[in-house]
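# Secondary and tertiary structure notes
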Amino acid sequence: MTDIALLENVFSKLNIHCEKISHPELHTAIEADRLLLERPGTRLKNLFLRDNYGKRHFLLITSPNKQVDLKALSKSQGLSRLGFASNERLAKYLGVKPGCVSMLALLNDKDNAVQLWVDSQLWQADLFHCHPFENTQTWLMQKSDLLKVFEYSNHSVELVNL
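This text gives an overview of the structure that appears in the document. (Residues numbered from 1 in each chain as written. Predicted model: local features only at pLDDT ≥ 70, side-chain atom pairs only at ≥ 80, totals over all residues. Heavy atoms only, no water.)

## Some points on the pattern of salt bridges
In a structure, side chains of opposite charge can pair up when their charged atoms sit close to one another. Enumeration over the complete set of coordinates arrives at three salt bridges. The residue Lys20 makes a salt bridge to Glu8 at a minimum N-O spacing of 2.9 Å. With Lys20 in strand β1 (residues 19-22) and Glu8 in helix α1 (residues 4-13), the pair connects residues that are 12 residues apart, well separated along the chain. Exposure remark for Lys20: the relative accessible area of 40% places this residue in the partly exposed category. In this structure, Asp145 and Lys148 form a salt bridge, with 3.5 Å as the shortest nitrogen-oxygen distance. With Asp145 and Lys148 both in helix α5 (residues 143-152) and three residues apart, the pair spans about one turn of that helix. Of the residues examined, Asp145 reaches a relative accessible area of 9% and is grouped as buried. Overall, the relative accessible area of 32% leaves Lys148 in the partly exposed class. (Salt bridge = Lys/Arg side-chain N within 4 Å of Asp/Glu carboxyl O. Helix = DSSP H or I, 4+ residues; strand = E, 2+ residues; numbered from the N terminus. Buried < 20%, exposed > 50% of the residue type's maximum accessible area, 1.4 Å probe, protein only.)

## Brief notes about the sheet that holds strand β8 (residues 157-160)
Hydrogen bonds between backbone groups are what pair the strands of a sheet, and the pairing can be parallel or antiparallel. Read across the sheet, five strands follow the order β4-β2-β3-β5-β8 without closing on themselves; strand pairing throughout is mixed. Either end of the sheet is taken by a strand with one partner, and the two such strands are β4 (82-84) and β8. Across the sheet, the mean angle from the axis of one strand to that of its neighbour is 35°, orientation sign disregarded. Inspection of the sheet shows strand β2 (residues 45-51) paired to β4 by three bridges, in the antiparallel sense. Following the sheet pairing, Leu49 is matched in β4 by Phe84. (Pairing = 2+ DSSP bridges. Axes fitted to C-alpha atoms, helices over the stretch in contact; angles between N-to-C directions.)

Below, the structure is given as structure tokens:
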């Protein structure tokens, strides 16, 4: 479901409405900083990770300015070493290209192979910036609406302390 029209159809079914912002293609939070866009909500850094064996996959959501210690996170989660998943794995499991990852990509994870981890400090916010499968738009999503998306896609939020 990597098409925005399909995503909008799901939003219609779930009665989700959000503000949509178009912008030049952005691949990283740093690129977004350079645009100096003033918009409400919480900006995010989306990291697609895999365990040492490549058997488990995780979408980690945190603040753009937060440094993540993958070794400490691995230990706290009782996992073998965590690393960044390849672009091929990103396409296979979340159906998006690099720079287009967001919590909305979990809708493409039909086999529920990806666990969602959200920084516990970050999850206190109520409005989040999400790419709708491409990085030329940002949709401002209410936490309550994201929870509808997660329920629809059979995912849950696991809060992690970073």
